[in-house]
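# Observations on chain architecture
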Amino acid sequence: MHGPLGYVGKRLLWTLPTLLLVGFTVFVMVRLIPGDPALVILGDAATPDQIAGLKAQYGLDRPILVQFGLWLGRLAQGDLGVAITDGQPVLPLLWERFQVTAAIVFLAVGLAVLIAVPAGLLAAWKQNSGLDIAVVTTATLLLSIPSFWLGLILLLVFGLKLGWVPVIGYVPFGQSPTQALLYILLPVVTLTLIEAGVLTRMARASAIEVLRLEYVMHARAKGLRERRVLLRHVLPNAFAPTWTVIGLVLGNLLGGIAVLETVFTLPGLGRLLVDAIFARDYPVVQGCLLFTALIYVLVNLIVDLCYPLFDPRVAAS
Amino acid sequence: MNRLGRLAALRANALIGGLLVGLVLAMAVVSVAWTPYGPLAINLRQRLKPPSAAYWLGTDEFGRDVLSRVMAGAATSLTVAVLTVVVAVAIGALLGLLAGYLRGLVDRLLMVVSDALLAFPGILLALGLMVIIGANKYGIIVALGLAYAPSVLRVVRATVLSVRERDYVEASRVIGNSEWTTMRRHVLPNCVAPIVVLATSMVGWVILAESALSFLGLGVPPPAATWGNMLSSGRPFIESAPWLGIAPGLCIALSMLGINLLGDALRDWLDPRMERG
Amino acid sequence: MTRKLIAALAVALSLPAGAAVAQQDTLRLRLNADIRSTDPGLNRDANTDAVVLHMVEGLVAYREDASVAPMLAKSVEVSPDGRTYTFALRDGVSFHNGAPLTADDVLFAWKRYTTPANNWRCLPEVDGRGLTKVVDVAAKDAKTVVFTLEKPSALFLTLLARTDCGGTGIYHRASLDADGKWKEPVGTGPFKLAEWKRAQYIDLVRNDAYTALPGERDGHAGNKAPLVPKLRFVIIPDASAAKAALLSGGIDINPDIVNADIAEYKARKDLTLQTKQAMDIQAVLFQTRDPLLKDARLRRAIAMSLDVPQIVETITEGESKPSLSIIPVPSGFYGQAQAQMPKRDVAGAKKLLAEAGYKGETIKLLATKRYPSLFDFAVLTQAMAQEAGLRIEIEVLDWATLLDRYTKGDYQAMAFTYSSRLDPSLSFEMISGDKDKQPRKVWDNAEARELMTRSMEVTDKAQRQAIFDELEARFRADMPMIVLYSSVETSAARSNVQGYAGWALGQPRAWGVSLKPGS
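Conventions used here
- Residues numbered from 1 in each chain as written.
- Chains lettered and ligands numbered in written order.
- Predicted model: local features only at pLDDT ≥ 70, side-chain atom pairs only at ≥ 80, totals over all residues.
- Heavy atoms only, no water.
- Phe/Tyr/Trp six-rings, centres within 6.5 Å; stacked < 30°, edge-to-face > 60°.
- Helix = DSSP H or I, 4+ residues; strand = E, 2+ residues; numbered from the N terminus.
- Pairing = 2+ DSSP bridges.
- Axes fitted to C-alpha atoms, helices over the stretch in contact; angles between N-to-C directions.
- Contact = heavy atoms within 4.5 Å.
- Buried area = accessible area lost by both parts, 1.4 Å probe.
- Salt bridge = Lys/Arg side-chain N within 4 Å of Asp/Glu carboxyl O.
- Polar contact = N/O pair within 3.5 Å; in protein donor to acceptor, adjacent residues only side chain to side chain.
- Nonpolar A, V, L, I, M, F, W, Y, C, P; charged D, E, K, R; others polar.
- Buried < 20%, exposed > 50% of the residue type's maximum accessible area, 1.4 Å probe, protein only.
- Arc of directions from axis to C-beta.
- Left-handed = near helix turned anticlockwise from the far one by under 90°.
- Parallel < 35°, antiparallel > 145°, perpendicular 65-115°, else oblique.
- Domains from an automatic or database assignment.
- Patch = residues over 30% accessible without salt bridge, like charges linked within 9 Å, V, L, I, M, F, W, Y side chains within 5 Å.
- Areas by Shrake-Rupley, 256 points an atom, 1.4 Å probe, with all protein chains shown as cover.

Moving on: the packing of aromatic side chains. Residues and elements named next belong to chain C. A complete count under the given rule lists 26 aromatic pairs over all chains for this structure. The interplanar angle of 75° and the centroid separation of 5.9 Å between the aromatic rings of Y406 and Y418 together place this pair among those described as edge-to-face. Of this pair, Y406 sits in helix α13 (residues 399–408) while Y418 sits in strand β18 (residues 413–418), and the two are 12 residues apart along the sequence. Here the aromatic rings of W443 and F475 are separated by 5.5 Å at their centres, their planes lie at 70°, and the arrangement is edge-to-face. Of this pair, W443 sits in the loop between α14 (424–431) and α15 (446–457) while F475 sits in helix α16 (residues 461–478), and the two are 32 residues apart along the sequence.

Encoded structure:
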């Protein structure tokens, strides 16, 4: 196989072992963690035969490998099973929750990049100036506030004191885009601020590296205007490592922003997973992780495919 | 900027960073021998008191002295953070170098494992490892270390990939240096800067991740104080007793600022391309 | 362009405020977690029970004081030998789909409850494993159902009313789909299911055809007339978010607020607070088979080192009454023996520890943050016991892990909470038993077990009280656990809510509640 399509195909093929590894590890791990769904349902009054009865009902009394085989078999047919907690099919559940998380993450990371890359570049250009120190300090402060604090403060100020945005709830974009935006405004702002902190530092560090490379000196020596040097030579090169980090950040966040979703009471993927782990809802945990892994792998594939666009050296090789 | 000016600025960065980090370290060290009150000592008659002469940073919901807890928390938080980063960097850098340099099947397999790990949420990893290691700080260290290792791996691998084709690496090979020497002399030094940047950021991430785990009901088991679990347990009192969050929050922010400044200075100092005066 | 944007933004921003000013017809109550199903008693937890019991009703139901009253039954007749229960159904009751309630519907629901594969929570109590065995259920006529038991049981009606049994709610067969799978509850309750948006809310609408019983609201029984047209249970897991929602008017009622907020809420004019004593038990459990803690002196020493009133005062903001008895404070059997509260005695504890040969060994105390009170009293226990020279280490686990350790008996000490037991016999049954057969049992004392069994057979109140007092004395001598208190739940409602009240069972109820217009 040759050409970009062959490359994509090969990469996709390599995601299969990753997904299988995730699937198997998760399958075994959730069952090794103490506690099981029957116990969580029955609580303090559980008698041994009640526990056994419920476990049998969910098919948890069989050997782990048999359970795994059955799950794989159904998975091959595109069936992720049903949730133990509420009997819902897992796949549509994942898709519905993913949309909530994705909307917030894409908006926030997009905004964060728009803020972080110019800020980082500027700070690097004016390294060690007052501006640089201000940018670095702000970025560091931003990324050192936990999201559950920042989120709550924004919620109290803009939701409660000023009453500009609703405090709880969620409206899908399909239903009403303006309302949807209003409901996810605060989580988006929270996430933007935090991720902008992370990305600014990365962008600044990369830009500093690039500014020291010979060809930048060369370009300057040639008498190119500073603006041109920055936009033509520094920005694309400095963006390459930042782009890798953006991929990592996106991949991580799309798997769920459990803390933010809890603070803002949003029905996203992260809360689904955390709730499922606490409830020992095995099919949901398995489905969530497989789905997250898939997204993660895909995002990184896309990031890698785009990489040559920013890094001329890799493109050449 | 001329070389001297840059060096001066570098020194200033290092100085401020060093001061901040030194302050936090001093706090941690002193707390082992002395704190104004016992960090676990409760005083139910002095609950949720604002900062005063007796309690410089106020008291928490059990009447424990916040200053003492912040000091004791410095020790725990820093230990957890530094050990976690060490675990992550040790695993990630080694495997990243291997993956980036050897490429081929090794790279593929390592990426499979690293992607699998990255896709794994820290919370499940933490829960799982707590079963094996126990619900203590070592469980957290291993869990978070494993969770962050792939990030290091990826960054190192990317750097190696981009560096190994550069002219001077080629040149090193051409003049007959062994792969190992080439790697040590020319590839490894280039990885130091991104690792330092990432590692310093990670110290902060770990402190925050630990606090997020506390928020979700896991994390370093209290009553032992960490900045993270102090932040998360102070959250319900965000309006009535804001000092419960401000004290550990400021500590986190200042130590992160310090570590980052120091990290930047360190990077410049380590940078092979920067002439030293 | 900019101006347009600002205008659009202004419209968008003013929308929710505008909606709030309009006549409010939806009562919004907070739930701290999503429900598990709408299927009574089958796939459930406390929130599920609370929501489902707005839609279905059983033959009998709990009153405010946890006694049992007829609900769908007009009357209940018990035969002299206590084995036959004859339920005469009320006239004029119909299901949400308009079908009238008949004896046949009762048989239908009962059959579904008792099909073993359905794993009804309370099945063991009626198939001979627990309380009794129901040998026959028959429709005497269209409006009369007769239950025949193998042996008499004083707790049979209580069982039918139990909320965790789904109140043994009666539903129409239209609740199931063609394959016999549960669809939604077509019950007789004051509200009907409109929409369940998972992880967000459950919407119910008023059952306009509901025929309420005369009189007052009384627990899950009595007058259950629905006054609000729409009812929404809003799912908000995070307590701080729930607080913001209540204060901003995003919800109308939070049935169980955190104690830390009580003082602040009391000062507000736009909120009304109500407290209600619940019948749960909050306690520190010991593993009496642990090599160290098998010595009762050690367990008693820990108890003596604690200032229980101070602990309870601190974590419940003075709302709950400290009590060392396994019988909850509101119980009719809570007497002098139960109310005894010895003073804290650190010196005595030290002496006892020396006698027991304690040399500073570490005791692991398990706790969870899922229920903040458990974690809080673990911290206080550790700190107070330390003053007597005890070394306690806290280990924080998630709730499912803690339950697992509890069920296996795999702990030294554990901060734990028991759900409500409405009869003292059941309170003792919950902790007392043979550890070889059921490791979760905390108190393994053969004589106590005999006393407990006797308390279930005796019906005379004074006689039962004597047994319970005897049990209390043995319980305190053995000290297999330190009971601290039963919670007081505080609900907060916005001032436009009228007629909301909490009660001993804790489940929020939306019938009899109305919204004052114009606020």
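All right, on to the sheet that holds strand β4 (residues 73–78) of chain C then. Strand pairing in a sheet takes place through backbone hydrogen bonds and is either antiparallel or parallel in direction. All names here are of chain C. Taking strand neighbours across the sheet as the criterion, the four strands line up as β4-β5-β7-β6 in an open arrangement whose pairing is antiparallel. The open sheet has two edge strands, β4 and β6 (134–141), and neither has a second partner. Strand-to-strand twist across the sheet, computed as the mean angle between neighbouring axes with direction ignored, equals 15°. Across six bridges, β6 lies against strand β7 (residues 144–149) in antiparallel orientation.

All right, on to the interface of chain B and chain A then. At the interface, 52 residues of chain B touch 57 residues of chain A. Between chain B and chain A the total buried area reaches about 5200 Å² when both faces are included, carbon and sulfur atoms providing 70% of it. Our count for the contact surface shared by chain B and chain A stands at zero salt bridges. Linking chain B with chain A are two residue pairs in polar contact (both at pLDDT 80 or more), by the criterion used here. Counting residues per element, the ones that place at least two in the side of chain B that touches chain A are α1 (3–33), α3 (104–119), α4 (122–133), α5 (137–163), α7 (179–215), α8 (227–234) and α9 (243–270) of chain B. Split into classes, the residues belonging to the side of chain B that touches chain A amount to 29 nonpolar, 11 polar and 12 charged.

Let's shift gears to the interface of chain C and chain A. Each side of the interface is counted separately: chain C has 45 residues, and chain A has 43 residues. Summing both sides of the interface, chain C and chain A together bury roughly 3700 Å²; the carbon and sulfur share of this comes to 57%. Together, R36, R121 and R198 of chain C form the three largest contributors to the area buried by chain C at its contact with chain A, with a combined 17%. The interface formed by chain C and chain A includes five salt bridges. The residue D49 of chain A makes a salt bridge to R129 of chain C at a minimum N-O spacing of 2.5 Å. The tally of links from chain C across to chain A stands at 15 residue pairs in polar contact (both at pLDDT 80 or more). Contributions of two or more residues to the side of chain C that touches chain A are made by α1 (2–21), β8 (191–197), β12 (230–235), α6 (239–248), α13 and β18 of chain C.

With that out of the way, let us pick up unusual backbone geometry. Of note in this structure, T265 of chain A is not a glycine but carries a positive phi near 50°. With respect to the helices and strands, T265 of chain A occurs in the loop between α11 (258–263) and α12 (269–279). Backbone geometry at M479 of chain C places phi at a positive 45°, although glycine is not the residue there. Within the secondary structure, M479 of chain C is located in the loop between α16 and β19 (481–485).

This part covers helix α3 (residues 48–57) of chain A. Among the residues of α3 of chain A, Q50, I51 and L54 of chain A are the ones counted as buried. Axial view of α3 of chain A: buried residues confined to an arc of 100°, hence all on one face. In this fold, the buried residues of α3 of chain A make contact with α2 (37–42) of chain A together with α4 (123–126) and α13 of chain C. G59 of chain A occupies a position one or two residues after α3 of chain A and carries a positive phi of about 70°.

All names here are of chain A. In the contact formed by helix α5 (residues 90–125) and helix α8 (residues 177–211), the axes pass within 5 Å of each other and the chain directions differ by 35°. As for how α5 packs across α8, the hand of that crossing is right-handed. Considered class by class, the residues forming the contact of α5 with α8 number 27 nonpolar, three polar and two charged.

This brings us to the packing of α3 of chain B against α5 of chain B. Helices that pack against each other are described as a pair by the angle of their axes relative to one another and the distance between those axes. All names here are of chain B. Two numbers describe how α3 lies on α5: the axes approach to 8 Å, and their chain directions differ by 140°. With respect to their mutual orientation, α3 and α5 come out oblique. When the axes of α3 and α5 are compared, the crossing they make is left-handed. Of α5, the residues touching α3 (which contributes D107, M111, S114, D115, L117 and L118) are L146, A147, P150, S151, L153, R154 and R157. Of the residues that constitute the contact of α3 with α5, the class distribution is seven nonpolar, two polar and four charged.

Residue and element names in this part refer to chain A. Split into domains, chain A comes out as domain 1 (3–76) and domain 2 (90–316). Its C-alpha centre places domain 1 at a distance of 31 Å from the equivalent point of domain 2. Contact with domain 1, which involves 22 residues of that partner, is made by 16 residues of domain 2. Sorting the residues of domain 1 by area buried against domain 2 places R11, L19 and V30 first, and these three jointly supply 28% of that buried surface.

Take a nonpolar patch on the surface next. Residue and element names in this part refer to chain A. A grouping of I153, V157, L162 and W164 is seen on the molecular surface, where their side chains present a nonpolar patch of about 350 Å² in accessible area. Here L162 shows up in the loop between α7 (147–161) and α8. Classification of L162 as partly exposed rests on a relative accessible area of 43%.

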